[in-house]
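# Inside the fold
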Amino acid sequence: MSLLSIRDLVVDYDTREGGTHTAVDGVSLSVAPGEVVAIVGETGSGKTTTALSVLGLLAGNARIRSGTIALNGTEIQGWSRRRLETIRGKSVGLIPQDPGSSLDPLKSVGWQVGEALRIHGEKDRSAVSARVTALLDRVGLPGERVARAYPHELSGGMRQRVLIAAALALQPRLLIADEPTSALDVTVQRRILDLLDDLRRQDGTGILFVTHDLGVAAERADRIIVMKDGRVEDDGSVAAVLDSPSSGYTRRLLLNAPSLNDRVFRGPPTVIASAEEDAAPAVRVSGLHKQFRRGGSRATTVTAIDDVSFEVAAGTTHAIVGESGSGKSTTARILLGFETPDGGEVTVAGNDVAGLRGEARRQFRQTVQLVYQNPFGSLNPRMSVLDIVAEPLRNFGLGGRRIRREQAAAILDRVALGTAVHTRRARELSGGQRQRVAIARALILDPRVVVLDEPVSALDVSVQAQILDLLAELQRERGLTYVFISHDLDVVRQVSDTVTVLHHGRVEEAGPTRQIYLHPQKEYTRELLEAIPRRVDRQRQKETTT
């Protein structure tokens, strides 16, 4: 008997204009005990709506028009919200996609991981505390310390692991994982995926795995379901879908997946730099050091980065890679002038960043811009797309209203967003469209250096490919220098000229991308490269482990 059986599911959303949008149209799937079924598709394909339908967690304007959902042979479609609460966490666990919005900033991590235990009847505080510590340890976190922490004190990867620990609290037989590793670096991703594999093997846990990462699906799933516009395009074993896809859409997805194609490196930069730009790097970091104090009366000092040095030639892309907590984001914040280093020097486009004060520091914002990891969180929900992009011009008093709107429209057109989206709000855009808006906003001031903080980590492969192509075109046209922060080593291989590998705040290895990837000198670098997802024969793997 299947743990989960969905048959002919149709889900509609009521639109703001009074119409109806069908997000899921006749989807059928099943998950057996110990089976991993991956749903793959682009933003808006209906994969998350399909998964959330199982738990009755659809948005208020959504409704299941028809179809059946059975859990362990029991039809649960049509259950009341209160009745569905009895299976949430206990029979079906959910790992949400976004840890930033899924964790309560006012509650400790330990309290939140233990919440499911308390809701389902555990009264013994010491038992809850011990179980919470064990769960956090199991997902690779120092349990006792992290249980006392608050979400803002953890990196993005650590917060994602907290969500996984919470989902495992009651040992559910079915786990719905909605992009569970999209925010994680490759080594942590491998640890989490290994953990999910352990649950599958040891406990017979079935996993419905929603992902845009075809490499992960190819390595970890038993079956792959490809969705587009609410319908199933392909459904079969990993070998069948990857080797003999039945739809042109699936073939395009496979073509755009970095981890499933020949591992190519970026060609030499083609920008034409002036003699002055040729002589001086666009970014120079030397002996950078930064510590943070943590805690109250028993405050401790944490070293975030220690003696970090690198240079970025004008018009090139330099990638900074490493695990969560390695110092990538702190280094980026210092480059941008958001943090002040305790030691060392940072020069960006000829500016001593730490020495800037007052108006000079404000004007520096025109020289270096940031594209955030989460475009939805960085775009004002009350403003139209056109006003969001024009806002930096207004902040710096550049041009009148008409000129600003014309310039905003021009840069939006350059990132392939036409007039149809100018009046929309961020919530009305897809993930890829939001990231294009963020890129347009960053470029409106014509900066010389752009810091890209995980700019494609939350995007599906075809949109990811479009954004990376766009960034490359803009770099060639404008002579931009990129500092590219990423945990996706397959993407870094394709887009970067040079790489710095950080580990516990120190430079582990640095050099040209090709050299680092083909001839790594340090064991840590080799571990990162070996953790990149690759296609495996799951059937053979199962036979050797049983």
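Residues numbered from 1 in each chain as written. Predicted model: local features only at pLDDT ≥ 70, side-chain atom pairs only at ≥ 80, totals over all residues. Heavy atoms only, no water.

### Thoughts on the overall build of the protein chain
Let me state the cut-off plainly: Secondary structure is summarised from DSSP: a helix means a run of H or I of at least four residues, a strand means a run of E of at least two, and numbering begins at the N terminus for each. Our radius of gyration looks at C-alpha atoms and nothing else; its globule reference is 2.2 Å times the residue count to the power 0.38. Note on classification: 1.4 Å probe, protein chains only; a residue is buried when its accessible area is under 20% of the maximum for its type, exposed when over 50%, partly exposed between these limits. Contact criterion: two residues are considered in contact whenever any of their non-hydrogen atoms come within 4.5 Å of each other. Residue-level accessible areas treat just the shown protein chains as cover; the underlying method is Shrake-Rupley with a 1.4 Å probe.
Scanning the protein chain from terminus to terminus reveals 24 helices and 20 strands. A globule of 546 residues ought to have a C-alpha radius of gyration of about 24 Å, and the protein chain, at 24 Å, matches this closely. By its C-alpha atoms, the protein chain is 70 × 55 × 45 Å across when sized along the principal axes. Looking at the protein chain as a whole, 51% of its 546 residues are labelled buried. For the protein chain, contacts bridging at least 24 residues in sequence account for 70% of all contacts bridging at least 6. Summed over all atoms, the accessible surface of the protein chain reaches about 24300 Å², with 47% contributed by carbon and sulfur.

### Quick look at the pairing of strand β4 (residues 62–71)
Both faces of the sheet carry side chains from a regular strand, because those side chains alternate between them. So the rule is basically this: DSSP calls a pair of strands paired once it identifies at least 2 bridges connecting them.
Across eight bridges, the pairing between strand β1 (residues 4–14) and β4 is antiparallel. In the strand pairing of β4, Leu 4 is matched with Leu 71. Remark: two residues form the turn of the hairpin made by β4 and strand β5 (residues 74–75), two consecutive strands paired antiparallel; Asn 72 in that turn has positive phi of roughly 55°.

### A closer look at the sheet that holds β1
Inclusion rule: Only the contacting stretch of a helix is used when fitting its axis, a line to C-alpha atoms as for every element, and angles between N-to-C directions run 0 to 180 degrees.
Across the sheet, four strands lie side by side as β2-β1-β4-β5; this open sheet has antiparallel pairing. Only two strands of the sheet have a single neighbouring strand rather than two, namely β2 (20–31) and β5. Note: β1 against β2, nine bridges, orientation antiparallel. Bridged to Tyr 13 within β2 is His 21. Strand contacts of helix α1 (residues 47–55): β1, β2 and β4, with the helix running at about 110° to β1, the strand carrying the most contacts.

### Structural notes on the packing of aromatic side chains
To keep things clear, this is the line we draw: Only the six-membered ring of Trp is used, alongside the rings of Phe and Tyr, when aromatic pairs are assigned; centres must lie within 6.5 Å, and planes under 30 degrees apart are stacked while those over 60 apart are edge-to-face, with the rest tilted. Remark: a charge is flagged as sitting over a ring if the NZ atom of Lys or the CZ atom of Arg is within 6 Å of the ring centre and within 35 degrees of the ring normal.
Considering all chains together, one arrives at zero aromatic pairs under this definition. Between the NZ or CZ atom of Lys 228 and the centre of the ring of Tyr 249, over which it lies, the distance is 5.7 Å.

### Here's the deal with the environment of Gln 363
Test applied: Counted as a polar contact is a pair of N or O atoms within 3.5 Å, where, for protein atoms, one must be capable of donating a hydrogen and the other of accepting one, and residues adjacent in sequence contribute only when both atoms are in side chains.
As for its position among the elements, Gln 363 is in helix α15 (residues 358–364). Of the residues examined, Gln 363 reaches a relative accessible area of 32% and is grouped as partly exposed. When the C-alpha positions of Gln 363 and Phe 396 are compared, they lie 8.3 Å apart, and in sequence the two are 33 residues distant. Reaching out from Gln 363, the side chain makes a polar contact with the side chain of Gln 366 at a distance of 2.5 Å.

### Some thoughts on the domain arrangement of the protein chain
Note the threshold: An automatic or database domain assignment provides the domain bounds reported here.
Parsing the protein chain into structural domains produces domain 1 (4–91 + 172–257), domain 2 (106–171) and domain 3 (283–375 + 447–531). On a C-alpha basis, the centroid separation for the pair domain 2 and domain 3 is 31 Å.

### Regarding the side chain of Glu 323
With respect to the secondary-structure elements, Glu 323 resides in the loop between β13 (317–321) and α14 (328–335). When residues no more than four places from it in sequence are discounted, the contact partners of Glu 323 are Asp 185, Thr 187, Val 188, Arg 191, Lys 328, Leu 502, His 503, Tyr 524 and Leu 528.

### Points about the pattern of salt bridges
Rule in force here: Only one rule defines a salt bridge in this text: a Lys or Arg side-chain nitrogen within 4 Å of an Asp or Glu carboxyl oxygen.
Per the counting criterion, the structure on display carries 23 salt bridges. Taking the shortest distance from any N to any O, the salt bridge between Glu 35 and Arg 223 comes out at 2.8 Å. With a gap of 188 residues between them, Glu 35 in the loop between β2 and β3 (36–41) and Arg 223 in strand β9 (residues 223–228) connect regions that are remote in the sequence. Residue Glu 35 is classed as buried on the basis of its relative accessible area of 13%.

### Describing the side chain of Ser 496
Looking at the secondary structure, you find Ser 496 in the loop between α21 (489–495) and β19 (498–503). Of the residues examined, Ser 496 reaches a relative accessible area of 2% and is grouped as buried. At 2.7 Å, the side chain of Ser 496 and the backbone oxygen of Val 492 are in polar contact. Side-chain polar atoms of Ser 496 contact the side chain of Thr 513, separated by 2.8 Å. Excluding its chain neighbours within four sequence positions, the residues that come into contact with Ser 496 are Arg 266, Thr 317, Ala 319 and Thr 513.

### Quick look at the sheet that holds strand β14 (residues 343–348)
If you walk across this open sheet you meet the four strands as β12-β11-β14-β15, and the pairing is antiparallel. Taken across any chain shown, the strands that pair with only one partner, and hence form the sheet edges, are β12 (300–312) and β15 (351–352). Here α14 sits on the sheet in contact with β11 (283–294), β12 and β14, set at roughly 115° to β11.

### Comments concerning the confidence of the model for the protein chain
Short version of the rule: Confidence of the predictor at the level of single residues is captured by pLDDT, which takes values from 0 to 100.
Put simply, the protein chain has an average pLDDT of 88, and 94% of its residues get 70 or more. The element-level mean pLDDT for the protein chain is lowest in helix α24 (residues 538–545), coming to 48, with strand β18 (residues 481–485) highest at 96. Residue range residues 272–277 is modelled with pLDDT below 50. Its contacts to residues more than four positions away, or to other chains, number three contacts.

### A short note on the packing of helix α19 (residues 431–443) against helix α20 (residues 461–478)
Convention followed: Roughly parallel means an angle under 35 degrees; roughly antiparallel, over 145; roughly perpendicular, 65 to 115; everything else is oblique. By definition, turning the near helix anticlockwise from the far helix through less than a right angle yields a left-handed crossing, and turning it clockwise yields a right-handed one. Each residue is assigned to one class: nonpolar for Ala, Val, Leu, Ile, Met, Phe, Trp, Tyr, Cys and Pro, charged for Asp, Glu, Lys and Arg, and polar for all the others, Gly among them.
Interhelical geometry of α19 versus α20 gives an angle of 15° and a closest axis separation of 10 Å. Viewed along their axes, α19 and α20 adopt a mutual orientation that is roughly parallel. Relative to α20, the crossing made by α19 is right-handed. When α19 is examined against α20, the residues Gly 432, Arg 436, Ile 439 and Leu 443 are found in contact with a partner set consisting of Val 463, Gln 466, Ile 467, Leu 470, Leu 471, Leu 474 and Arg 478. When its residues are assigned to classes, the contact of α19 with α20 shows seven nonpolar, two polar and two charged.

### Overview of helix α6 (residues 125–138)
Each α-helix winds once per 3.6 residues, and so residues spaced three or four apart point in a common direction. For clarity, the threshold we go by: Residue count minus one, scaled by 1.5 Å, sets the expected span of a helix.
An ideal rise of 1.5 Å per residue puts 20 Å on 14 residues; α6 measures up with 20 Å between its terminal C-alpha atoms. If you follow the buried residues of α6, they end up packed against α4 (109–113), α5 (115–119), α7 (143–148) and α8 (156–167). Positioned one or two residues after α6, Gly 140 has a phi angle of 85°, which is positive.

### Some thoughts on helix α9 (residues 186–203)
Its 18 residues give α9 an end-to-end C-alpha distance of 25 Å, which sits within 8% of 26 Å, the value for a rise of 1.5 Å per residue. Within the span of α9, buried status applies to Val 186, Thr 187, Val 188, Gln 189, Ile 192, Leu 193, Leu 195, Leu 196, Asp 197, Leu 199 and Arg 200. Just past α9, the residue Gly 204 takes up positive phi, approximately 70°.

### Looking at the pairing of β18
Burial of β18 is extensive: five of the five residues sit out of reach of the surface. Two strands pair when backbone bridges link them, and strand β17 (residues 449–453) and β18 are joined in this way by five bridges, in the parallel orientation. Its bridge partner being in β18, Val 450 is matched across the sheet by Tyr 482.

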